Amino acid sequence: MGDIFATDHVVKHSNDDCVYTFHCTNLLASTELITGTPTVTDTTTHATSSITISGIAANVAEVTVDGVTTAIGKAVQCRISGGTADADHVLTCTFATDGSNTKVTGGTLQVRDS
């Protein structure tokens, strides 16, 4: 599976890895950029399901997903792997900006094997 914007209907197979992109342009002032080390957490508790979230960072190059290009420093990306079929995960992304703001956004990841 390829790059995914958090605003998309996001579905991955339990054996797939995907790059999940939180498109943050609408949360930032025109000259504001994401700084520091963002966090992405799975805020849903599943007794039988777990995903692995790694490589969390602000984008260091323009990223284009489904024809939409996001400028450098305007998105948070992470790699997601694993999961159990038929589990839904609520993801929360928190990041700081060079405007001394802390922003929070989120998305949903569904794991489906059929």
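A brief report on the enclosed structure follows. As the structure is a computational prediction, the values presented were derived from the model and not from experiment.

Turning our attention to the packing of aromatic side chains. Across all of its chains, the model carries one aromatic pair by this definition. Relative to F22, the ring of Y20 has its centre 4.9 Å away and its plane inclined at 55°; by these criteria the two rings are tilted. Using a relative accessible area of 0% as the deciding quantity, one classes Y20 as buried. Residue F22 is classed as buried on the basis of its relative accessible area of 1%.

This next bit is on the side chain of S14. With respect to the helices and strands, S14 occurs in the loop between β2 (10-12) and β3 (17-23). Residue class for S14 comes out buried when judged on its relative accessible area of 13%. One polar contact links S14 to D113, side chain to side chain, over a distance of 2.8 Å. In contact with S14, not counting residues within four places along its chain, are G82, G83, A85, V111 and D113.

Let us now look at the environment of S50. When you line up the elements, S50 lands in the loop between β4 (34-42) and β5 (51-58). C-alpha of S50 to C-alpha of S81: the two residues are 31 residues apart in sequence and 9.1 Å apart in space.

In this section: the pattern of salt bridges. With the rule as written, the count across this model stands at one salt bridge. Across the pair R112 and D88 runs a salt bridge, and its minimum N-O distance is 2.8 Å. Highlighted residues: R112 in the segment after β10 (102-111) and D88 in strand β9 (residues 87-97), separated in sequence by 24 residues. Judged by relative accessible area, R112 falls into the partly exposed class, the value being 24%.

The rules behind these values
- Residues numbered from 1 in each chain as written.
- Predicted model: local features only at pLDDT ≥ 70, side-chain atom pairs only at ≥ 80, totals over all residues.
- Heavy atoms only, no water.
- Phe/Tyr/Trp six-rings, centres within 6.5 Å; stacked < 30°, edge-to-face > 60°.
- Buried < 20%, exposed > 50% of the residue type's maximum accessible area, 1.4 Å probe, protein only.
- Helix = DSSP H or I, 4+ residues; strand = E, 2+ residues; numbered from the N terminus.
- Polar contact = N/O pair within 3.5 Å; in protein donor to acceptor, adjacent residues only side chain to side chain.
- Contact = heavy atoms within 4.5 Å.
- Salt bridge = Lys/Arg side-chain N within 4 Å of Asp/Glu carboxyl O.

These figures come from the coordinates and say nothing about function on their own.
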